[in-house]
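Secondary and tertiary structure notes
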Amino acid sequence: MAAAAGQWRSRLGREGRASLAAFLMGASVAALPVALGSPPGLLAAPGLRGRLAFVLHVAGVNAALLLLYPRPLYRIAVRACFLGFAFGCGLLLSAGRSAWRHFGWYICSLSLFHYSEYLVTSINNPRSLSLDSFLLNHSFEYNLAALSSWVEFTLEKLLFPELKQITWLSTVGLLMVIFGDCLRKAAMLTAGSNFNHIVQNEKSDTHTLVTSGVYGWFRHPSYVGWFYWSIGTQVLLCNPICLVGYTLASWRFFRERVEEEEITLIHFFGEEYLEYKRKVPSGLPFIRGVKVEL
(Lines give C-alpha, C1' and ligand atoms only; values in the text may rest on other atoms or scores of the structure.)
Protein backbone atom coordinates (compact mmCIF):
# COMPACT_ATOMS: atom_id res chain seq x y z
CA MET A 1 0.00 0.00 0.00
CA ALA A 2 2.79 2.43 0.90
CA ALA A 3 4.67 1.56 -2.29
CA ALA A 4 1.53 2.19 -4.38
CA ALA A 5 0.97 5.54 -2.67
CA GLY A 6 4.59 6.51 -3.32
CA GLN A 7 4.30 5.57 -6.98
CA TRP A 8 1.10 7.59 -7.29
CA ARG A 9 2.75 10.64 -5.72
CA SER A 10 5.69 10.26 -8.10
CA ARG A 11 3.39 10.14 -11.14
CA LEU A 12 1.41 13.11 -9.94
CA GLY A 13 4.43 15.39 -9.82
CA ARG A 14 5.11 18.55 -7.85
CA GLU A 15 2.57 20.69 -9.72
CA GLY A 16 -0.15 18.07 -9.47
CA ARG A 17 0.38 17.59 -5.74
CA ALA A 18 0.25 21.36 -5.17
CA SER A 19 -2.95 21.66 -7.20
CA LEU A 20 -4.62 18.79 -5.33
CA ALA A 21 -3.75 20.22 -1.92
CA ALA A 22 -5.01 23.66 -2.97
CA PHE A 23 -8.23 22.23 -4.44
CA LEU A 24 -8.99 20.43 -1.17
CA MET A 25 -8.19 23.57 0.83
CA GLY A 26 -10.66 25.53 -1.26
CA ALA A 27 -13.29 22.79 -1.06
CA SER A 28 -13.05 22.83 2.72
CA VAL A 29 -15.48 25.76 2.63
CA ALA A 30 -18.16 23.05 2.55
CA ALA A 31 -17.27 22.24 6.17
CA LEU A 32 -18.09 25.76 7.42
CA PRO A 33 -21.71 24.95 8.37
CA VAL A 34 -20.45 22.10 10.54
CA ALA A 35 -17.86 24.34 12.16
CA LEU A 36 -20.46 27.02 12.84
CA GLY A 37 -23.19 24.61 13.88
CA SER A 38 -25.39 25.91 11.04
CA PRO A 39 -27.63 24.05 8.58
CA PRO A 40 -26.23 23.13 5.12
CA GLY A 41 -28.23 25.99 3.58
CA LEU A 42 -25.77 28.48 5.06
CA LEU A 43 -24.72 29.68 1.61
CA ALA A 44 -28.28 30.42 0.51
CA ALA A 45 -29.02 32.67 3.50
CA PRO A 46 -25.69 33.19 5.26
CA GLY A 47 -26.38 36.12 7.57
CA LEU A 48 -23.61 38.28 9.04
CA ARG A 49 -21.92 35.40 10.86
CA GLY A 50 -21.88 33.26 7.75
CA ARG A 51 -20.56 36.06 5.53
CA LEU A 52 -17.77 36.76 7.98
CA ALA A 53 -16.87 33.06 8.07
CA PHE A 54 -16.62 32.93 4.28
CA VAL A 55 -14.45 36.05 4.13
CA LEU A 56 -12.10 34.69 6.81
CA HIS A 57 -11.96 31.31 5.09
CA VAL A 58 -10.98 32.84 1.74
CA ALA A 59 -8.41 35.15 3.33
CA GLY A 60 -6.94 32.38 5.48
CA VAL A 61 -6.63 29.89 2.64
CA ASN A 62 -5.03 32.46 0.34
CA ALA A 63 -2.54 33.41 3.05
CA ALA A 64 -1.68 29.74 3.50
CA LEU A 65 -1.09 29.35 -0.24
CA LEU A 66 1.22 32.37 -0.27
CA LEU A 67 3.24 30.91 2.60
CA LEU A 68 3.37 27.36 1.24
CA TYR A 69 4.20 27.90 -2.42
CA PRO A 70 6.68 30.00 -4.39
CA ARG A 71 5.20 32.13 -7.16
CA PRO A 72 5.23 29.54 -10.00
CA LEU A 73 3.40 27.01 -7.84
CA TYR A 74 1.21 29.69 -6.28
CA ARG A 75 -0.20 30.54 -9.72
CA ILE A 76 -1.23 26.91 -10.06
CA ALA A 77 -2.45 26.60 -6.48
CA VAL A 78 -4.62 29.72 -6.53
CA ARG A 79 -6.50 28.48 -9.62
CA ALA A 80 -6.98 25.02 -8.14
CA CYS A 81 -8.10 26.59 -4.86
CA PHE A 82 -10.63 28.76 -6.70
CA LEU A 83 -12.08 25.67 -8.37
CA GLY A 84 -12.11 23.85 -5.04
CA PHE A 85 -13.90 26.78 -3.41
CA ALA A 86 -16.49 26.75 -6.21
CA PHE A 87 -16.93 23.01 -5.73
CA GLY A 88 -17.43 23.46 -1.98
CA CYS A 89 -19.98 26.23 -2.53
CA GLY A 90 -21.76 23.99 -5.03
CA LEU A 91 -21.97 21.29 -2.37
CA LEU A 92 -23.52 23.76 0.06
CA LEU A 93 -26.12 24.82 -2.50
CA SER A 94 -26.83 21.18 -3.32
CA ALA A 95 -27.30 20.25 0.33
CA GLY A 96 -29.74 23.08 0.98
CA ARG A 97 -33.44 23.14 0.16
CA SER A 98 -33.39 26.37 -1.80
CA ALA A 99 -34.44 26.82 -5.42
CA TRP A 100 -30.73 27.01 -6.28
CA ARG A 101 -30.14 23.34 -5.45
CA HIS A 102 -29.79 22.22 -9.06
CA PHE A 103 -27.49 25.15 -9.78
CA GLY A 104 -25.31 23.75 -7.00
CA TRP A 105 -25.11 20.46 -8.90
CA TYR A 106 -24.02 22.42 -11.94
CA ILE A 107 -21.32 24.37 -10.06
CA CYS A 108 -19.91 21.11 -8.67
CA SER A 109 -19.85 19.57 -12.16
CA LEU A 110 -18.27 22.62 -13.78
CA SER A 111 -15.52 23.13 -11.21
CA LEU A 112 -14.67 19.42 -11.02
CA PHE A 113 -14.48 19.18 -14.82
CA HIS A 114 -11.96 22.01 -15.08
CA TYR A 115 -9.85 20.89 -12.14
CA SER A 116 -9.70 17.26 -13.26
CA GLU A 117 -8.49 18.39 -16.71
CA TYR A 118 -5.38 19.76 -15.01
CA LEU A 119 -4.96 16.86 -12.59
CA VAL A 120 -5.18 14.13 -15.23
CA THR A 121 -2.81 16.05 -17.53
CA SER A 122 -0.30 16.28 -14.68
CA ILE A 123 -0.39 12.48 -14.42
CA ASN A 124 -0.54 11.61 -18.11
CA ASN A 125 1.51 14.21 -19.92
CA PRO A 126 3.42 16.49 -17.51
CA ARG A 127 5.56 17.84 -20.35
CA SER A 128 2.49 19.58 -21.82
CA LEU A 129 1.24 20.79 -18.42
CA SER A 130 0.61 24.53 -18.09
CA LEU A 131 -1.88 26.95 -16.58
CA ASP A 132 -3.91 26.50 -19.76
CA SER A 133 -4.48 22.86 -18.77
CA PHE A 134 -7.25 24.07 -16.43
CA LEU A 135 -9.10 25.18 -19.59
CA LEU A 136 -10.33 28.24 -17.69
CA ASN A 137 -9.38 30.45 -20.63
CA HIS A 138 -10.49 27.99 -23.29
CA SER A 139 -11.92 30.66 -25.61
CA PHE A 140 -14.07 33.78 -25.64
CA GLU A 141 -16.93 31.76 -27.11
CA TYR A 142 -16.70 29.17 -24.33
CA ASN A 143 -16.81 31.85 -21.63
CA LEU A 144 -19.70 33.61 -23.37
CA ALA A 145 -21.64 30.34 -23.54
CA ALA A 146 -21.13 29.74 -19.81
CA LEU A 147 -22.23 33.28 -18.97
CA SER A 148 -25.29 32.93 -21.19
CA SER A 149 -26.37 29.78 -19.36
CA TRP A 150 -26.08 31.52 -15.99
CA VAL A 151 -28.13 34.47 -17.22
CA GLU A 152 -30.82 32.21 -18.68
CA PHE A 153 -31.06 30.16 -15.50
CA THR A 154 -31.39 33.28 -13.32
CA LEU A 155 -33.98 35.00 -15.54
CA GLU A 156 -36.11 31.88 -15.94
CA LYS A 157 -35.85 31.18 -12.23
CA LEU A 158 -37.34 34.63 -11.57
CA LEU A 159 -39.98 34.46 -14.30
CA PHE A 160 -40.83 30.74 -14.37
CA PRO A 161 -39.59 29.28 -11.06
CA GLU A 162 -41.43 25.99 -11.58
CA LEU A 163 -39.29 25.36 -14.69
CA LYS A 164 -36.19 25.07 -12.49
CA GLN A 165 -37.76 22.55 -10.11
CA ILE A 166 -38.07 19.61 -12.51
CA THR A 167 -35.89 17.30 -10.45
CA TRP A 168 -36.17 14.25 -12.71
CA LEU A 169 -34.96 16.28 -15.70
CA SER A 170 -32.07 17.78 -13.72
CA THR A 171 -31.16 14.27 -12.58
CA VAL A 172 -31.01 13.12 -16.21
CA GLY A 173 -28.75 16.08 -16.95
CA LEU A 174 -26.51 15.23 -13.99
CA LEU A 175 -26.18 11.63 -15.22
CA MET A 176 -25.24 12.94 -18.70
CA VAL A 177 -22.62 15.20 -17.11
CA ILE A 178 -21.15 12.35 -15.05
CA PHE A 179 -21.09 10.01 -18.03
CA GLY A 180 -19.51 12.62 -20.31
CA ASP A 181 -16.81 13.63 -17.86
CA CYS A 182 -15.96 10.02 -16.95
CA LEU A 183 -15.70 9.10 -20.63
CA ARG A 184 -13.43 12.06 -21.33
CA LYS A 185 -11.14 11.30 -18.40
CA ALA A 186 -11.04 7.60 -19.37
CA ALA A 187 -9.95 8.69 -22.85
CA MET A 188 -7.22 10.92 -21.42
CA LEU A 189 -5.92 8.17 -19.13
CA THR A 190 -6.03 5.57 -21.90
CA ALA A 191 -4.17 7.81 -24.35
CA GLY A 192 -1.53 8.67 -21.77
CA SER A 193 1.19 10.95 -23.12
CA ASN A 194 -0.46 10.82 -26.56
CA PHE A 195 -3.24 13.09 -25.27
CA ASN A 196 -2.81 16.84 -25.64
CA HIS A 197 -5.28 19.71 -25.32
CA ILE A 198 -3.81 21.22 -28.48
CA VAL A 199 -3.97 19.42 -31.83
CA GLN A 200 -0.37 18.49 -32.70
CA ASN A 201 0.99 19.27 -36.16
CA GLU A 202 4.23 17.35 -35.70
CA LYS A 203 4.56 13.71 -34.67
CA SER A 204 6.79 13.11 -31.67
CA ASP A 205 8.98 10.02 -31.26
CA THR A 206 6.64 8.63 -28.60
CA HIS A 207 3.39 9.37 -30.45
CA THR A 208 1.45 6.15 -31.12
CA LEU A 209 -2.04 5.42 -32.41
CA VAL A 210 -4.24 4.38 -29.48
CA THR A 211 -7.04 1.97 -30.41
CA SER A 212 -7.64 0.11 -27.13
CA GLY A 213 -10.03 0.77 -24.25
CA VAL A 214 -12.59 3.48 -24.94
CA TYR A 215 -10.81 4.15 -28.24
CA GLY A 216 -12.16 0.78 -29.33
CA TRP A 217 -15.68 2.19 -28.87
CA PHE A 218 -15.20 5.61 -30.50
CA ARG A 219 -12.40 7.23 -32.50
CA HIS A 220 -12.76 10.43 -30.48
CA PRO A 221 -13.98 9.47 -27.00
CA SER A 222 -12.66 12.65 -25.34
CA TYR A 223 -14.75 14.76 -27.74
CA VAL A 224 -17.78 12.50 -27.28
CA GLY A 225 -17.47 12.92 -23.53
CA TRP A 226 -17.13 16.68 -23.74
CA PHE A 227 -20.04 16.90 -26.19
CA TYR A 228 -22.48 15.10 -23.88
CA TRP A 229 -21.04 16.81 -20.79
CA SER A 230 -21.73 20.26 -22.26
CA ILE A 231 -25.28 19.36 -23.34
CA GLY A 232 -25.90 17.67 -20.00
CA THR A 233 -25.09 20.87 -18.11
CA GLN A 234 -28.00 22.60 -19.82
CA VAL A 235 -30.38 19.70 -19.25
CA LEU A 236 -29.32 19.83 -15.59
CA LEU A 237 -30.13 23.55 -15.44
CA CYS A 238 -33.40 23.08 -17.38
CA ASN A 239 -32.23 25.79 -19.81
CA PRO A 240 -34.23 25.22 -23.03
CA ILE A 241 -32.65 28.08 -25.00
CA CYS A 242 -29.04 27.26 -24.11
CA LEU A 243 -29.75 23.55 -24.60
CA VAL A 244 -30.47 24.20 -28.27
CA GLY A 245 -27.60 26.67 -28.55
CA TYR A 246 -25.06 24.39 -26.83
CA THR A 247 -26.09 21.41 -28.96
CA LEU A 248 -25.69 23.29 -32.25
CA ALA A 249 -22.50 25.11 -31.25
CA SER A 250 -20.86 21.98 -29.80
CA TRP A 251 -21.77 19.90 -32.83
CA ARG A 252 -20.32 22.47 -35.22
CA PHE A 253 -17.15 22.88 -33.14
CA PHE A 254 -16.47 19.14 -32.91
CA ARG A 255 -17.26 18.55 -36.59
CA GLU A 256 -14.53 21.02 -37.54
CA ARG A 257 -12.17 19.81 -34.81
CA VAL A 258 -12.53 16.14 -35.80
CA GLU A 259 -11.83 16.89 -39.46
CA GLU A 260 -8.78 18.96 -38.54
CA GLU A 261 -7.45 16.26 -36.23
CA GLU A 262 -8.08 13.39 -38.62
CA ILE A 263 -6.13 15.09 -41.41
CA THR A 264 -3.19 15.22 -38.99
CA LEU A 265 -3.67 11.59 -37.86
CA ILE A 266 -3.78 10.34 -41.47
CA HIS A 267 -0.56 12.25 -42.11
CA PHE A 268 1.01 10.69 -38.99
CA PHE A 269 -0.16 7.08 -39.32
CA GLY A 270 -1.35 6.66 -42.91
CA GLU A 271 -3.02 3.34 -43.70
CA GLU A 272 -2.98 2.32 -40.01
CA TYR A 273 -5.34 5.17 -39.16
CA LEU A 274 -7.48 4.65 -42.27
CA GLU A 275 -8.04 1.02 -41.26
CA TYR A 276 -8.98 2.16 -37.75
CA LYS A 277 -11.35 4.75 -39.24
CA ARG A 278 -13.09 2.04 -41.27
CA LYS A 279 -13.80 -0.07 -38.19
CA VAL A 280 -14.58 2.43 -35.42
CA PRO A 281 -17.19 5.24 -35.53
CA SER A 282 -16.37 8.79 -34.46
CA GLY A 283 -18.96 8.52 -31.65
CA LEU A 284 -20.39 11.96 -32.39
CA PRO A 285 -23.87 12.11 -33.99
CA PHE A 286 -23.80 12.72 -37.76
CA ILE A 287 -20.05 13.40 -37.72
CA ARG A 288 -18.07 10.97 -39.86
CA GLY A 289 -14.80 12.87 -39.88
CA VAL A 290 -12.64 13.83 -42.84
CA LYS A 291 -13.76 12.30 -46.14
CA VAL A 292 -11.17 10.16 -47.84
CA GLU A 293 -11.21 7.55 -50.57
CA LEU A 294 -11.38 4.26 -48.68
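Residues numbered from 1 in each chain as written. Predicted model: local features only at pLDDT ≥ 70, side-chain atom pairs only at ≥ 80, totals over all residues. Heavy atoms only, no water.

The name an unreviewed UniProt entry gives the protein chain is Protein-S-isoprenylcysteine O-methyltransferase, with Piaya cayana as the organism. The protein chain has a UniProt comment under Function (unreviewed entry) that states "Catalyzes the post-translational methylation of isoprenylated C-terminal cysteine residues." Under the UniProt heading Sequence similarities (unreviewed entry), the note attached to the protein chain is "Belongs to the class VI-like SAM-binding methyltransferase superfamily. Isoprenylcysteine carboxyl methyltransferase family." (UniProt positions renumbered as here; feature names shortened; annotations may be inferred.)

Attention now goes to the pattern of salt bridges. Counted by the stated rule, this structure contains 10 salt bridges. The closest approach of N and O atoms between Lys185 and Glu117, which form a salt bridge, is 2.9 Å. On the criterion of sequence distance, the pair formed by Lys185 in helix 7 (residues 167-191) and Glu117 in helix 5 (residues 101-124) is long-range, its members being 68 residues apart. In this structure, Lys185 and Glu117 share a single accessibility class: buried. Linked by salt bridges that have partners in common, Glu117, Asp181, Arg184 and Lys185 make up one network. (Salt bridge = Lys/Arg side-chain N within 4 Å of Asp/Glu carboxyl O. Helix = DSSP H or I, 4+ residues; strand = E, 2+ residues; numbered from the N terminus. Buried < 20%, exposed > 50% of the residue type's maximum accessible area, 1.4 Å probe, protein only.)

Following the sequence through the fold, Ser116 ends up in helix 5. Excluding residues within four positions of it along the chain, Ser116 makes contact with Asp181 and Lys185. (Contact = heavy atoms within 4.5 Å.)

Considered domain by domain, the protein chain is made up of domain 1 (11-136) and domain 2 (138-286). On a C-alpha basis, the centroid separation for the pair domain 1 and domain 2 is 24 Å. Listed as interface residues are 21 residues of domain 1 and, on the opposing side, 32 residues of domain 2. Together, the buried faces of domain 1 and domain 2 total about 2500 Å²; carbon and sulfur atoms form 63% of this surface. Contact with domain 2 buries area across many residues of domain 1, yet His102, Tyr106 and Phe113 alone supply 26% of it, more than any other trio. Where domain 1 packs against domain 2, one counts 2 salt bridges. Remark: the boundary between domain 1 and domain 2 carries 12 residue pairs in polar contact (both at pLDDT 80 or more). Residues of the side of domain 1 that touches domain 2, tallied by class, amount to 10 nonpolar, 9 polar and 2 charged. (Domains from an automatic or database assignment. Buried area = accessible area lost by both parts, 1.4 Å probe. Polar contact = N/O pair within 3.5 Å; in protein donor to acceptor, adjacent residues only side chain to side chain. Nonpolar A, V, L, I, M, F, W, Y, C, P; charged D, E, K, R; others polar.)

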